Structures are given as structure tokens and as C-alpha cells.
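The lines below spell out each chain.
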Amino acid sequence: MPTFNLLRDPWVPCLPRGTNPTPILLSLRDTLVQAHDLREIYTDSPLTTAALMRLMLAVLHRVFGPKDRWEWAKLWQVGRWDVAQLDDYFGRWAERFDLFDGQYPFYQVREFRADKSPDLTPVSGLVHEEASGNNVTLFDHHVDAEERFLMPDEAALRLITAQAYAIGLGQSHKFRGEQKQFRDGPCARGALFFVEGDSLFQTLLLSMRKYPIQQGDRRINDRSHDAPAWEQEDPFADGRTEPYGYLDYLTWQTWQIRLVVEETAEGVRVTHVRRCMGLELDKKCVMDPLKSYQISRGKDPSLRGFSEEKALWRESAALFEMSESNPEGMPQNLALLSELVRHKIIPQQARYKIIATGLATDPGHARNVIFWRQERLPLPTEYLASEEAVERLKNAIQLAENAGSVLESVCDWLVWLVYFDPAEPRPFEECRKSKDYEKAKKDKKRLFELVKAPSYYWWRLDQEFFAIMERLATDEEGGVLKEWCGTLRSAAQDAFHESLRALQRSGRAIRAAARAEELLHKHLNYVLALAE
């Protein structure tokens, strides 16, 4: 029988620390044992990196806790994971980490809970980047008819990613005559927020929350029988929709899946998969500790994530704000880090980064992934200890939003003057409230989108914001905020001038541009005056 044990066989792509490092493959055990000498997990897909981080967090929480900030501090001071404790744990569960084990194949099912065994499907169905069935071709142009296979190391990466990032919708299978539907994996919606340190060891520890939390937690309560999937005799036994705790959630088995292998002269390879719906996660009873939520009265919590139109930094202040009205705005790993900074276990001058990872689907076709993304945000720890610092950050972002709204409105008016009513005598504030104006915007949407100034404006600020974010953390005198206002003014003006290229060359367009630019200056003066 073939074997590929994740604890001893190399499969995790890692980047060592040092200058110009060369990527290497390590086993799961060696990755954790050597984590203090590694810079990061290094894969082609941010989704795979995030899924591997969650797997490792499940192991580390199981072995090391930490139940409180003092245990966390002891781990930090040692600076590496205890090899003896890891080996003791892995020794007890080694057989459960074999990808092809006959009894307990890792992250797979021994027997399907379905009225009949699922059909064979191509290995391309394990990832969002490749074409399979009727999903959107994102970065790949293979088709199901082509013969594909995976080597065991790659199959392991894709299997773990698939369980975390499965996208639901569509019929799965029948079980005892009842039709089952595909459901989302735990990471499919919203962004995950990890904290990046100087090494993989630091990144993993900085991304941990307290464990266990058994009472009073709105996210996930850790019951006494909480366990990762590989410790459970049968993860699908009771058909639950709520995890036993954080370890169960981190290793949630979204799919019942079985890899189909063949042995060749070159070695074992995975040629197909059988899969159907596994555990159905009730999102109303689970709030992910690594995600940020916005809670509005009378509404279900909404996740912060990625969109095509809006960079994540525009919501970054919410990650650091722990208020009574929205205690779930801050992910739990950042909440623990805030506690560590306030108790001076972590120095307030420390500098880390937030790694945000997620995907986005087509709003009209929720099964179609249109992009995945990973963004890094500066994390000056002053934001975790000072309400004043967070308030400065909120003000800076709000000023950017206000100036962006002014620019968008002025550009709409510019299009109105050039293509619709150049003799419009009313002030713009009155004009844009008229039925004619609103009807024109609705009927001629593409024409109004001709002027791309807002896109150029936000692109320009994407380049500028991260440096400002670092300096705002200690900007008690307000000088950095004034500098930011100058950047906003310049970005808006440059974007406006860039947008004029899209207009027809005529006297009418020149006169409209002059009127619109005058209005732009007037309204920018209004929204930026107090801060400047």
C-alpha cells in the first residue's frame, strides 16, 4: 500500500531566513521544529499559505495552549517550539498523518456517508485557480478532458486548501434519500488576519489566541472534547453543524473526499478524487477568531473582506478598535496582542505586519471565484494600546473617503456638463438631486464611468498610505495628518487632470472642465480645511 506521511515526508514549501534564501520543502514536523530559522511558508497561492497556517495553528494550540498571556510570554521568551513536546504529540498520532492510510487517510473519509460512492472527478477540482466542471477559469486553461495528476506533496497542499476554501452551491449527493447541497468552507468568505513577525515561529505565535476559552466567548467556545480532525475517530459521525471548539474548526472537514492514486515506476501519483459534501457549517453559531466583523443592530454580523473596488486598508482602523458596540471588530489574535502590549510583554515600539488573505466571488454568481488576494498592512503596536492613535488613523481614512467622494461627484458633474446639459445654471448641490440628473446617471451608466478619476485617485493612495500609517501611530502633534491632507489634495487634482484625457476635445469640454475644477478646489478646501 502506498504511503506519504506528512510528519516525515517533505511537502511544506518554506523560505529560510537570511539573504537571498532558496525555497525548500520540509515535513510538517521539521517545519515546526525549524520555524525559528524560517522566514515564512512560501507557496504559489495565498489561499494555500493561509490553509497551512491554520493547520499548524491547530497543532500548536493542541500542544502549547496558551491558556493566558503568561503562558504566551513564556513561549515568546524561549523563541522556538519545544521539540520534545512536539515529538511526544506526533508520536501518538503519527499514523493519522498518512495521506494514503487505509483506516485514517489524512483529511479524507474512510467510507462515504452517501447513498452511493461519488463519481471520479479530475484533480483540478481541488483548487480555484484551475478550470474544472463549470467554474470560472481564473489563472489556468486546462480542461477536464486533459489527463492530469498530482504528486503526493502537491496533493497534500491542495487537499488542505480545498477543505478550508471550498465554495458551496449546487447539489452534492443523497444520503438516506435526502438531497445534500454543497456548502462553503470556513475560509470561503471574508479575510483571515495573521500577524507577521521576524520568523515563522513569531508569525505563528503572534497569530494565536488564548486556548482554551470555555465560557463567555462570542466566537467559539472550546469544549472539553474539542479535538482536531485527525484525533477524531470519525469527524462526520454526528453530522454536526457547530464545531466542538477552535481545534475542530481549524481542521473542519467541509468535504468528504478520497484521493484516488496509482503506483507507477516514477512513484505514487494522485489521478482523480471522489468528493461530496461533508460537514455543513452553521455560520450563525460560529464567528471566526481570525476574522473581523461589523455588527449592526438588528442585522447578522457582516465580514470584512476583499472587493475589486476597495483596498482593505480603507477599513484598517476597525481592526484595532475594540468597542462595546462592536467587540468583534478586532480578530482575537490581535486582541491578545493588544493585551500583551498593554501589559508590556510586547514593547509598544515593536513593528509587525498584518497579513490579510481571502478571495472574492462574482456578486451575481457566488460559486465563481474572480480573484484571491493577500495584502500586508503595517502594524505599529501603538494602535493596539492607544485609543488616540486609532482615532488618528480613523480620521486619516475618513479624510481620504471624503476627498474621494468629492472627486467622484465632481467628475459626474463634469460628464453631465459635457454630454448632457452644458447650460445647467443651478449649483451642483441642487443639480445632482434632480430627477433628470439621477435618470441620466442610471440610463447612461457607462458614459458616467468614462471618467476614471476615482480609480486613479485610490490607486495613487494605495502607494502612499502604508508609510503614513506607520507615522500616524505617533503623530501626537498632527503634522503627519496635515501632510496626508496635502497628499489627498494632490492625488485628487492629479486624478482629475488625468480623467480629462477621456473627454472629447471641444470648447464645450474645456469650459466644463474649468467649471468642474473650480468646484473641486472649493469642496476639497471644505473637507480638508479643519485637518490642514
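Residues numbered from 1 in each chain as written. Predicted model: local features only at pLDDT ≥ 70, side-chain atom pairs only at ≥ 80, totals over all residues. Heavy atoms only, no water.

Visitor: What am I meant to see in the overall build of the protein chain here?
Guide: Within the protein chain, the regular secondary structure consists of 17 helices and 13 strands. Relative to its length of 532 residues, the protein chain is compact, with a C-alpha radius of gyration of 26 Å against a globular reference of 24 Å. Counting only C-alpha atoms and orienting by the principal axes, one finds that the protein chain spans roughly 80 × 55 × 50 Å. Residues classed as buried in the protein chain amount to 56% of the 532 residues present. Taking the contacts inside the protein chain whose residues are at least 6 apart along the sequence as the reference set, 69% of them involve residues at least 24 apart. Side chains of the protein chain carry 70 positive and 80 negative charges; the gap between the two charge centres is 4 Å. (Helix = DSSP H or I, 4+ residues; strand = E, 2+ residues; numbered from the N terminus. Rg over C-alpha atoms; globule rule 2.2 N^0.38 Å. Buried < 20%, exposed > 50% of the residue type's maximum accessible area, 1.4 Å probe, protein only. Contact = heavy atoms within 4.5 Å. Lys, Arg positive; Asp, Glu negative; His and termini not counted. Charge placed at Lys NZ, Arg CZ, Asp CG, Glu CD.)

Visitor: Explain the environment of F201 here, please?
Guide: As for its placement among the helices and strands, F201 is situated in helix α6 (residues 200–206). Note on F201: relative accessible area 2%, which makes it buried.

Visitor: Can you help me understand the sheet that holds strand β4 (residues 120–122) in this one?
Guide: Remark on secondary structure: sheet strands pair via backbone hydrogen bonds, oriented parallel or antiparallel. A sheet is described by the order of its strands in space; here three strands give the open sequence β4-β9-β8, paired in antiparallel fashion. Where the open sheet ends on each side, the last strands, each with one partner, are β4 and β8 (255–264). Pairs of neighbouring strands in the sheet enclose a mean axial angle of 45°, with direction left out of account. Where β8 meets strand β9 (residues 267–277), ten bridges bridge the pair, whose relative direction is antiparallel. Within the sheet, the bridge partner assigned to V261 lies in β9 and is V270. Across the sheet, helix α5 (residues 152–165) lies against β8 and β9, angled at about 170° from β8, the strand it touches most. (Pairing = 2+ DSSP bridges. Axes fitted to C-alpha atoms, helices over the stretch in contact; angles between N-to-C directions.)

Visitor: Can you help me understand the nonpolar core in this one?
Guide: Soluble globular proteins tend to bury their nonpolar side chains together. With 170 residues, the main nonpolar core has W11, W81, L86, W230, F320 and Y457 as its most contacted residues. Sorting elements by how many residues they give to this core places helix α11 (residues 387–419) first, with 18 residues. (Core = buried A, V, L, I, M, F, W, Y, C linked by side-chain atoms within 4.5 Å.)

Visitor: Sorry if this is basic, but what is going on with the pairing of strand β6 (residues 178–181) here?
Guide: Successive side chains on a regular strand alternate, one facing one side of the sheet and the next facing the other. Where strand β5 (residues 171–175) lies against β6, four bridges are found, and the strand directions are antiparallel. Opposite Q171, over in β6, you have Q181 as the bridge partner. Hairpin remark: β5 followed by β6, antiparallel, with two residues in the connecting loop; positive phi at R176, about 55°.

Visitor: Quick question: what am I supposed to make of the pattern of salt bridges here?
Guide: Where charged atoms from two side chains of opposite charge approach closely, those side chains can pair. Inspection of every chain in the model, using the stated rule, returns 30 salt bridges. A single network of salt bridges, built from pairs that share partners, joins R29, D30 and D87. (Salt bridge = Lys/Arg side-chain N within 4 Å of Asp/Glu carboxyl O.)

Visitor: Can you help me understand the sheet that holds strand β2 (residues 24–26) in this one?
Guide: Taken in spatial order, the three strands make up an open sheet running β2-β1-β3, and their pairing is antiparallel. For this open sheet the edge positions go to β2 and β3 (38–41), each flanked by a neighbour on one side alone. The mean inter-strand angle of the sheet, taken between neighbouring strand axes irrespective of direction, is 45°. As defined by bridge partners, strand β1 (residues 12–16) adjoins β3 across three bridges and the pair is classed as antiparallel. For C14, the partnering residue across the bridge sits in β3 and is I41. In this fold helix α2 (residues 46–64) packs onto β1 and β3, with an angle of close to 115° to the strand it touches most, β3.

Visitor: Sorry, what's going on with the environment of G125 here?
Guide: Locating G125 in the fold gives a position in the loop between β4 and α5. For G125, a relative accessible area of 12% corresponds to the buried category. G125 sits 37 residues away from A162 along the chain, and the two C-alpha atoms are 8.8 Å apart.

Visitor: Sorry, what's going on with the packing of aromatic side chains here?
Guide: Where two aromatic rings form a pair, the distance of their centres and the angle of their planes describe that pair. What the rule picks out here adds up to 17 aromatic pairs. Ring geometry for W76 against Y352: centres 6.4 Å apart, planes inclined by 90°, an arrangement best described as edge-to-face. Of this pair, W76 sits in helix α3 (residues 69–78) while Y352 sits in strand β12 (residues 351–362), and the two are 276 residues apart along the sequence. Residue W76 shares its accessibility class with Y352, and that shared class is buried. Taking the centre distance of 5.9 Å and the plane angle of 25° together, the rings of F106 and W230 count as stacked. Linking F106 in the loop between α4 (83–93) and β4 with W230 in the loop between α6 and α7 (246–250), this pair joins segments that are 124 residues apart in sequence. (Phe/Tyr/Trp six-rings, centres within 6.5 Å; stacked < 30°, edge-to-face > 60°.)

Visitor: Could you clarify how one ought to interpret the environment of S302 in this entry?
Guide: Note that S302 resides in strand β11 (residues 302–303). Judged by its relative accessible area of 35%, S302 falls in the partly exposed class. For the pair S302 and S292, spaced ten residues apart in sequence, the C-alpha to C-alpha distance is 8.6 Å.

Visitor: Where do I start with the side chain of E231 in this structure?
Guide: Of note, E231 is situated in the loop between α6 and α7. E231 has contacts with R62, Y89, W93 and R96, leaving out every residue within four places of it along the chain.

Visitor: Is there a simple way to think about a negative patch on the surface in this case?
Guide: A contiguous patch of negative charge on the surface is contributed by E387, E388, E476 and E477. Relative to the helices and strands, E387 is located in helix α11. On the accessibility criterion, E387 (70% relative accessible area) is exposed. (Patch = residues over 30% accessible without salt bridge, like charges linked within 9 Å, V, L, I, M, F, W, Y side chains within 5 Å. Areas by Shrake-Rupley, 256 points an atom, 1.4 Å probe, with all protein chains shown as cover.)

Visitor: Can you walk me through the packing of α2 against α4 in this structure?
Guide: Axes are the key here: two packed helices are described by the angle between their axes and the distance separating the axes. Relative orientation of the contacting elements α2 and α4 amounts to 105°, with a least axis distance of 10 Å. In terms of their interaxial angle, α2 and α4 are classed as roughly perpendicular. Judged by residue contacts, V59, L60, R62, V63 and F64 of α2 engage Q85, L86, Y89 and F90 from α4. Its residues assigned to classes, the contact of α2 with α4 shows seven nonpolar, one polar and one charged. (Parallel < 35°, antiparallel > 145°, perpendicular 65-115°, else oblique. Nonpolar A, V, L, I, M, F, W, Y, C, P; charged D, E, K, R; others polar.)

Visitor: Help me understand the packing of α2 against α5, please; the structure alone is not making it clear to me.
Guide: Taken N-terminus to C-terminus, the directions of α2 and α5 make an angle of 85°; their axes are 9 Å apart at the nearest point. One finds that α2 runs roughly perpendicular with respect to α5. Contacts from L47, T48, A50, A51, L52, R54 and L55 in α2 reach L157, I160, T161, A164 and Y165 in α5.

Visitor: How should I be thinking about α3 in this particular structure?
Guide: An α-helical turn contains 3.6 residues, so any two residues separated by three or four positions project in the same direction. Listed as buried for α3 are R69, W72, A73, L75 and W76. All buried residues of α3 fall inside an arc of 160° around its axis, so they share one side. Opposite the packed face of α3, turned more than 90 degrees from it, sit the exposed residues K74, Q77 and V78. For α3, the secondary structure elements touched by its buried residues are α2, α6, α9 (332–342) and β12. Of the residues that open α3, the one with a side-chain oxygen 3.0 Å from the backbone nitrogen of W70 is D68. Positive backbone phi, at 85°, marks G79, one or two positions downstream of α3. (Arc of directions from axis to C-beta. Polar contact = N/O pair within 3.5 Å; in protein donor to acceptor, adjacent residues only side chain to side chain.)

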